[in-house]
Amino acid sequence: QGGKASFSTQLMTNNTQVSILALALGMTWGVGTVILLFYNGVILGAVGFDYIQAGQSEFLLGWLLPHGSVEIPAILMAGQAGLVLAGALFGWGGREPLSVRLRAVGADLVTMISGVALLLIWAGFVEAFLSQYHAPVFPYWAKISLGLLELALLTIFLLKSGSREEKP
């Protein structure tokens, strides 16, 4: 009892720490952010390659897609926030002082990392309470379908959100 809730909390905490680190490493002019994202991508790619080579593609997709279709974009968005922070540090072509550039991106960073936090909370619940159940308890086709639906909805949301020009 309570094991799934504890596991879910651990997942959310770990993913939140990675995301905050991806943002904070923007202070290294983006180098740390890029290295962190690259490292995590290589690890995910190696795990995926291993499962595919073992003939476990359906299992991998059924396990990874329900939570990964939200978790991976969330971590990439945290990396994007880190690169926005790095861009403010560089101050490309601007003459504003660093404090002005950082204030200018502050609201965007808060919005981005808040969205990341919400996505990671959802991904943590899905990973703990759905992704860990395998066939025959929960068929792979249903888990894969849910993951693809989540990814489609997230893509639509992100494409339709963001800054919009005001109409007169």
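Look a little higher up for the structure.
Please read all numbers here as calculations on a predicted model, not as lab measurements.

Chemist: How should I be thinking about unusual backbone geometry in this particular structure?
Modeler: Following Ala135, the chain continues to Pro136 via a peptide bond in cis, the omega torsion being 10°. Of note, Pro136 is situated in the loop between helix H4 (98-131) and helix H5 (140-160). Non-glycine residue Trp29 carries a positive phi angle of around 60°. Relative to the assigned elements, Trp29 resides in the loop between helix H1 (3-24) and helix H2 (31-53).

Chemist: Any chance you could explain a nonpolar patch on the surface here in plain terms?
Modeler: Where nonpolar side chains cluster on the molecular surface, the patch consists of Leu118, Ile121, Phe125 and Phe129 and spans about 390 Å² of accessible area. Within the element layout of this structure, Phe129 appears in helix H4.

Chemist: How should I be thinking about the packing of H1 against helix H3 (residues 57-90) in this particular structure?
Modeler: Packed helices, taken two at a time, are described by their axes: the angle between them and the distance between them. Close contact between H1 and H3 brings their axes to 7 Å; oriented N to C, the two are set at 25°. As summarised for this structure, H1 and H3 are arranged roughly parallel, according to the angle between their axes. Taken together, the residues of H3 that come into contact with H1 (itself represented by Asn15, Val18, Ser19, Ala22 and Leu23) are Glu71, Ile75, Ala78, Gly79, Ala81, Gly82 and Leu85. Among the residues making up the contact of H1 with H3, the classes are represented as 7 nonpolar, 4 polar and 1 charged.

Chemist: Sorry, what's going on with the packing of H4 against H5 here?
Modeler: Two elements in contact, H4 and H5, have axes separated by 13 Å at closest approach and are oriented at 175°. Our classification of the angle between H4 and H5 gives roughly antiparallel. In this structure, H4 uses Leu119, Trp122, Val126, Leu130 and Ser131 to contact H5, whose residues at the interface are Lys143, Leu146, Glu150 and Leu154. Tallied by class, the residues present in the contact of H4 with H5 amount to 6 nonpolar, 1 polar and 2 charged.

Chemist: How should the packing of aromatic side chains be read in this particular structure?
Modeler: By the definition in use, this model includes 3 aromatic pairs. When the ring of Phe59 is compared with that of Tyr140, the centres are 6.1 Å apart and the planes differ by 85°; the resulting orientation is edge-to-face. Note that Phe59 is positioned in helix H3 and Tyr140 in helix H5, a separation of 81 residues in sequence. Looking at Tyr140, the relative accessible area reads 16%, which means it is buried. Pairing Phe125 with Phe129 gives two aromatic rings, centres 6.2 Å apart and planes at 25°, and the pair type is stacked. Taken together, the residues Phe125 and Phe129, both in helix H4 and 4 residues apart, mark about one turn of the helix. The partly exposed category is assigned to Phe125, whose relative accessible area is 41%. Take Phe129: its relative accessible area is 40%, and that puts it in the partly exposed class. Chaining the aromatic ring pairs together yields one cluster made of Tyr51, Phe59 and Tyr140.

Chemist: Quick question: what am I supposed to make of the nonpolar core here?
Modeler: In a soluble, globular protein the nonpolar side chains are often hidden away together inside. Membership of the largest hydrophobic core comes to 13 residues, with the highest contact counts inside it found for Ala74, Val116, Leu119 and Leu120. At the level of secondary structure, the elements contributing two or more residues to this core comprise H1, H3 and H4. If you tally residues by element for this core, the top one is H3, at 5 residues. In contact with Leu119, not counting residues within four places along its chain, are Val70, Ala74, Met77 and Leu154.

What counts, and at which threshold
Residues numbered from 1 in each chain as written. Predicted model: local features only at pLDDT ≥ 70, side-chain atom pairs only at ≥ 80, totals over all residues. Heavy atoms only, no water. Helix = DSSP H or I, 4+ residues; strand = E, 2+ residues; numbered from the N terminus. Patch = residues over 30% accessible without salt bridge, like charges linked within 9 Å, V, L, I, M, F, W, Y side chains within 5 Å. Areas by Shrake-Rupley, 256 points an atom, 1.4 Å probe, with all protein chains shown as cover. Salt bridge = Lys/Arg side-chain N within 4 Å of Asp/Glu carboxyl O. Axes fitted to C-alpha atoms, helices over the stretch in contact; angles between N-to-C directions. Parallel < 35°, antiparallel > 145°, perpendicular 65-115°, else oblique. Contact = heavy atoms within 4.5 Å. Nonpolar A, V, L, I, M, F, W, Y, C, P; charged D, E, K, R; others polar. Phe/Tyr/Trp six-rings, centres within 6.5 Å; stacked < 30°, edge-to-face > 60°. Buried < 20%, exposed > 50% of the residue type's maximum accessible area, 1.4 Å probe, protein only. Core = buried A, V, L, I, M, F, W, Y, C linked by side-chain atoms within 4.5 Å.

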